[in-house]
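# Descriptive structure summary
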Amino acid sequence: MDLARVALRAAKEQARARGNAALQKKQARRGGGLRSGARADGRDPLPLGSAINRLITERGWEKPAAVGGVMGRWPQIVGPEVALHCAPQKYDEDARVLTVLCDSTAWATQLRLLAPQLVARLNDDLGQGTVKMIKVLGPGGGGHRYGPLRAPGSTGPGDTYG
């Protein structure tokens with residue numbers, strides 16, 4: 001009788017051990033046995049704004065994102081009248097230069113005169129040293145390239161004739 005009880009107890013312990021092993025395997029496949037509950041954890045969904053802010057912080061994109069915000073808030077920064085005639089085009093992060101395109105030479109001259117004040121206002125908004133200089137372009141600013149390849153010193157498509 002004692003031998004039968006010992007055998008029965010051993011069989012129950014083996015069955016329990018097999019059941020625990022199977023349960024652990026099942027929990028490992030599910031993600032370690034963690035279950036979502038009433039309290040927030042790292043697996044819960046985030047609002048879109050929070051997820052974007054977290055991504056910007058993790059990647060170190062704070063300054064480029066802030067400058068992009070300036071592009072969107074340009075009328076509030078410079079005023080509605082200046083914003084009608086001058087628009088930011090690009091920001092060079094390495095040189096810390098903001099390029100602004102104006103629709104007339106008069107507005108380009110006006111913005112060049114306002115540039116130091118505008119740089120100070122932008123740096124107050126974005127953080128000191130974010131913008132070192134504003135490059136102002138007038139209408140038709142910059143040369144035109146007529147193809148992907150150019151000979152050094154060429155002045156355009158007409159320089160090869162005669």
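A short tour of the structure in this document, coming up.

Thresholds, definitions, all that
- Here the residue numbers are simple positions, counted from 1 along each chain's written sequence.
- pLDDT decides what is reported in this predicted model: residues at 70 or higher carry local features, side-chain atom pairs at 80 or more are listed and counted, and totals for whole chains, interfaces and linings draw on all residues regardless.
- The side-chain values count all of the structure's non-hydrogen atoms but skip hydrogen atoms and water molecules.
- For two strands to pair, DSSP has to find at least two bridges joining them.
- For helices the rule is a DSSP run of H or I covering at least 4 residues; for strands it is a run of E covering at least 2, with both sets numbered from the N terminus onward.
- Each axis is a line fitted through C-alpha atoms, taken for helices only over the stretch in contact, and angles between the N-to-C directions span 0 to 180 degrees.
- A contact between two residues is defined here by any heavy atoms of the two lying within 4.5 Å.
- Here, a salt bridge means any Lys or Arg side-chain nitrogen found within 4 Å of an Asp or Glu carboxyl oxygen.
- Relative accessibility thresholds used throughout: buried, under 20% of the residue-type maximum; exposed, over 50%; partly exposed, between the two (1.4 Å probe, protein chains only).

## Structural notes on the sheet that holds strand β3 (residues 133-137)
- Within the open sheet, the three strands sit side by side as β1-β2-β3. Their pairing is mixed. Here the strands that pair on one side only, and so sit at the sheet edges, are β1 (86-92) and β3. Each strand of the sheet is rotated relative to its neighbour by a mean of 25°, with strand direction disregarded.
- Relative to β3, helix α6 (residues 105-126) is tilted by about 160°, and along the sheet it contacts β1, β2 (97-102) and β3.

## Thoughts on the pattern of salt bridges
- Counted by the stated rule, this structure contains two salt bridges.
- Between Arg 54 and Glu 58 there is a salt bridge, and its shortest N-O distance comes to 3.9 Å. Here Arg 54 and its partner Glu 58 are both found in helix α2 (residues 48-59), four residues apart, which amounts to about one turn of the helix.
- Judged by its relative accessible area of 45%, Arg 54 falls in the partly exposed class.
- By relative accessible area, which is 58% here, Glu 58 ends up exposed.
- Among the ionic pairs, Arg 73 bridges to Asp 125, the shortest N-O distance being 2.7 Å. Of this pair, Arg 73 sits in the loop between α3 (62-72) and α4 (74-78) while Asp 125 sits in helix α6, placing them 52 residues apart in sequence.
- On the basis of relative accessibility, which here comes to 40%, the residue Asp 125 falls in the partly exposed class.

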